[in-house]
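# A structural walkthrough
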Amino acid sequence: MSTDKSDAVGTDIKGVVNSLRAAARDTVETDDYITYSTLLDIHLSNCSTLEESTRVELLQGLESILLENEGLLSHVAWDLPILLLPYLESSENFEDVAAAKGLTSRRLAFSIFNLVAEKGNAKEVFLKSIEALSSLSLDIDDAAAIHEKIELEKVFVLKFYALFEVIVSVTRRIITQYPSRFLTTSSSALLSFLSTHIDELYTQSLSVIVRRLYLFARDYVPPVSKTPVDPEEEALQRRMLQSYITHLVEIIFRTANLDWSNRYFNFIKKDIKVLPERERQRETSVVGNGALEMVERFLQLTSSFDMHPSMFVEAILEEPAEMDQEESDDLTFPSPPTSASSIPLSSEGCFLLLSEFLMSEKNHKIRFTLPQIILISKRFTNQDDHILPSAGVCDSIGLYGWMFLKDITPEEIAEVSQEDFNSYLHIITALSATQGDAARRFLLHTLVVHLLSLSSRERAYEYIFDTLMYCPYENACEAFVVVLKDFLKSPGRSNSTNTKSSRKSIMGTIEYDQEKQEQINDLIQDCIGTVDSRGSLLLDEKFSVLQAWISNFLVVMGGDTQFLKDVISKVKRIIDKDARLVETSENMNSEEKNEHILRQRLLQAGVQSLENGQLESKLNSLSI
């Protein structure tokens, strides 16, 4: 039966239009609008089977019918948004369709969308458009070519735009004493839409959608009321818009960041004493993206909604409200709120908005103590969930750490419990190890070193040793081998700090006593044993740590002669074993073989340096 109907539409479109026109006259007389909606479903739902010229003729006819019968339009408009969405698609190139001079089904569909927004029953169209928005999906085959993905994405954005404009337009025509109820529905639907699709969209498409979501708040006009609106209703709407903005910023920064931390780090780098001179003078490149202008606008928008930086600070520091997990994921409220105070702001959104404020207002008076920074970092990294925080949160944690702890004193650090202090360092170390951006990894790692340099010797050594012992991130362990070397007092190094800072620093002053030598020797032996036991040998992820122990730590710090002989012997055996693996393996490709050979040479160079150091030590003893 469905095939026959499709053929009828394709071969006799004029008959279909005439049928709809005649049915429209009957419907106006009988008030049987449900039957007419059924006819629309039958004749409009076969869009994919119709040629472009047939689509144009069908939509032209429908538009003229609706223009002639506003009463009919008012009653059936609710059914049209979902039916019209497929007509925004086209087999032709997106740009070619947009540039076409004649009528297209896409333009006619938009024209009917406008009629629906202007003349349809406002409440019914509002609800059905919200429903249509929630059903939008971006189904793109991973194997599709880039240009195909871009074409599909443009159509997806076009569908969003059509529904968005309808929702905004009909909202302004709704008559109600409780406008907050409609704002709750629309703002939640828009946030849910962005949250669902933000990871699927290219930057250009995302910027178009975010721009519309920004305008939703900036240009918000509430539904009409025949009587004065209760002040509590006005307060509810204002608070909802505040909440909407903060949640919107939270979602946007799941994937975006503005390099706040890198930009600030570049500004203060020259004063960071734990950095070598060459690093202080080198400027780190800052990643730019199109989100900067939009976030600046969001920050400006918060002022128009009476949101001040103190409100952001309060939201960041206060205990989060208990929320049902499903409600939290959907970014919706379980029911229309009864008071403005019951509507939560997004604490993460406030955290990010405050970051932009801190960077844009150089003379701000915001201050956070070390205990507060620890609290904030714990709250926004979700350590218990083992989920990496968003790009924006990682960026902000780096910014807050350097902005508020750059000039911290040893006395302030000593006032914080070792457990709390170490928990903060663990967070920063983990973030440093897991960042994709090398510059941010470096600044976060440097923050840890900076704070350790102002801690007591005992605290610093304990944290460094525990990190090397238990940290699951090999790149962090590799970095902390170097940190350990820098903090220990090596043979020939004076007790004075290796910086020109007048501040107290313990770098290079921790005594490398017998107990510490034994602890560190055990770490080195464990690392050698781990690499030797792995089937991939020098391609194992532990290789970088072994390389750091041999070429960086032991070459500088030295050690017991027998211990060094044992290390050299074991490492040489691993190198030989790895070379045999390369020679005998039948499944190893050339790239893997080359990587094995490169690592053999790197480790061999470290061993050679150790042997040369031993030889030099013997010669010195003989000369004495």
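Residues numbered from 1 in each chain as written. Predicted model: local features only at pLDDT ≥ 70, side-chain atom pairs only at ≥ 80, totals over all residues. Heavy atoms only, no water.

Turning our eyes to something else, we now look at helix α12 (residues 203–218). Compared with an ideal rise of 1.5 Å per residue, which puts 16 residues at 22 Å, α12 spans 22 Å between its outermost C-alpha atoms and is within 8% of the ideal. Here α12 has its buried residues at S205, L206, I209, V210, L213, Y214, L215, F216 and A217. (Helix = DSSP H or I, 4+ residues; strand = E, 2+ residues; numbered from the N terminus. Expected span 1.5 Å × (residues − 1). Buried < 20%, exposed > 50% of the residue type's maximum accessible area, 1.4 Å probe, protein only.)

A few words now on the packing of aromatic side chains. Tallied over the full model, the rule gives 23 aromatic pairs. Note on Y264 and F267: the rings are 6.4 Å apart at their centroids and 45 degrees apart in plane angle, and the pair reads as tilted. Residue Y264 and its partner F267 are located together in helix α14 (residues 260–268), separated by three residues, close to a single helical turn. Judged by relative accessible area, Y264 falls into the buried class, the value being 12%. Classification of F267 as exposed rests on a relative accessible area of 58%. Both rings, one in F265 and one in W402, keep their centres 5.4 Å apart while their planes meet at 45 degrees; by these two values the pair is tilted. With F265 in helix α14 and W402 in helix α21 (residues 391–405), the pair connects residues that are 137 residues apart, well separated along the chain. Of the two residues examined, F265 and W402, each falls in the buried class. One aromatic cluster in this structure is built from F156, F160, F164, F193, F216, Y220 and Y244. (Phe/Tyr/Trp six-rings, centres within 6.5 Å; stacked < 30°, edge-to-face > 60°.)

Next up on the list: the nonpolar core. Grouped together as the largest cluster of nonpolar side chains are 192 residues, with contacts concentrated most on F298, Y400, F487, W549 and F553. Looking at this core, the element that brings in the most residues is helix α10 (residues 146–171), giving eleven residues. (Core = buried A, V, L, I, M, F, W, Y, C linked by side-chain atoms within 4.5 Å.)

Okay, helix α27 (residues 514–533) next. Along its 20 residues, α27 runs 28 Å from first to last C-alpha, staying within 8% of the 28 Å computed at 1.5 Å per residue. Restricting attention to buried positions, one finds in α27 the residues K516, I520, N521, L523, I524, C527, I528 and V531. Here the buried residues of α27 occupy an arc of 160 degrees about the axis, which is enough to place them on one side. In α27, the exposed positions angled more than 90 degrees off the buried face are occupied by Q514, E515 and S533. On its buried side, α27 packs onto α25 (457–470), α26 (474–487), β1 (488–489), β2 (510–511), α28 (543–557) and α29 (561–584). Capping of α27 at its N-terminal end is provided by D513; its side-chain oxygen lies 3.3 Å from the backbone amide nitrogen of E515. (Arc of directions from axis to C-beta. Contact = heavy atoms within 4.5 Å. Polar contact = N/O pair within 3.5 Å; in protein donor to acceptor, adjacent residues only side chain to side chain.)

Taken together, the side chains of E515, E518, D522 and D526 present a region of like negative charge at the surface. As for its position among the elements, D526 is in helix α27. Judged by relative accessible area, which is 48%, D526 ranks as partly exposed. (Patch = residues over 30% accessible without salt bridge, like charges linked within 9 Å, V, L, I, M, F, W, Y side chains within 5 Å. Areas by Shrake-Rupley, 256 points an atom, 1.4 Å probe, with all protein chains shown as cover. Salt bridge = Lys/Arg side-chain N within 4 Å of Asp/Glu carboxyl O. Lys, Arg positive; Asp, Glu negative; His and termini not counted. Charge placed at Lys NZ, Arg CZ, Asp CG, Glu CD.)

What follows covers the packing of α14 against helix α19 (residues 347–360). With their axes 11 Å apart at the nearest point, α14 and α19 run at an angle of 30 degrees to one another. With respect to α19, the element α14 is oriented roughly parallel. For the element pair α14 and α19, the recorded crossing hand is left-handed. Residues W260, R263 and Y264 of α14 touch α19, and the partners they reach there are L352, S355, E356 and M359. (Axes fitted to C-alpha atoms, helices over the stretch in contact; angles between N-to-C directions. Parallel < 35°, antiparallel > 145°, perpendicular 65-115°, else oblique. Left-handed = near helix turned anticlockwise from the far one by under 90°.)

Attention now moves to the state of the cysteines. On inspection of all chains with the given rule, the structure shows zero disulfides. Not part of a disulfide, C527 finds its nearest cysteine sulfur in C477, a span of 8.7 Å. Classification of C527 as buried rests on a relative accessible area of 3%. (Disulfide = S-S within 2.5 Å.)

The subject of this paragraph is a nonpolar patch on the surface. There is a patch of nonpolar side chains on the surface, built from I146, I150 and Y202 and spanning about 260 Å² of accessible area. Within the secondary structure layout, Y202 lies in the loop between α11 (179–197) and α12. The partly exposed category is assigned to Y202, whose relative accessible area is 36%.

Here I343 is to be found in the loop between α18 (325–330) and α19. Through-space distance from the C-alpha of I343 to that of S243 is 7.1 Å; in sequence the pair is 100 residues apart.

Overall, the coordinates contain 21 salt bridges when judged by the stated rule. K119 is the salt-bridge partner of E70, the closest N and O atoms lying 3.9 Å from each other. Residue E70 is located in helix α5 (residues 70–76), and its partner K119 is located in helix α8 (residues 105–119); the two are separated by 49 residues in the primary sequence. Accessibility expressed as a relative area gives 36% for K119, which makes it partly exposed. Among the ionic contacts, a cluster of salt bridges with common partners joins D259, D395 and R440.

Turning our eyes to something else, we now look at unusual backbone geometry. Residue D306 is not a glycine yet carries a positive backbone phi of 60 degrees. One non-glycine residue, L537, lies in positive phi territory at about 50 degrees. Following the sequence through the fold, L537 ends up in the loop between α27 and α28.

There is about 700 Å³ of room inside the second largest pocket. Within the residue set of the lining of the second largest pocket, elements represented by two or more residues are α15 (277–281), α23 (418–434), α24 (438–453), α26 and α28. Looking at the lining of the second largest pocket, the element that brings in the most residues is α26, giving eight residues. (1 Å grid on protein atoms, 1.4 Å probe; cavity = no way out; pocket = protein on both sides within 12 Å on 5 of 7 lines; lining within 4 Å. Points joined across faces, edges and corners; volume = space filled by probe spheres on them.)

Treat this as a map of the structure, not an account of what it does.
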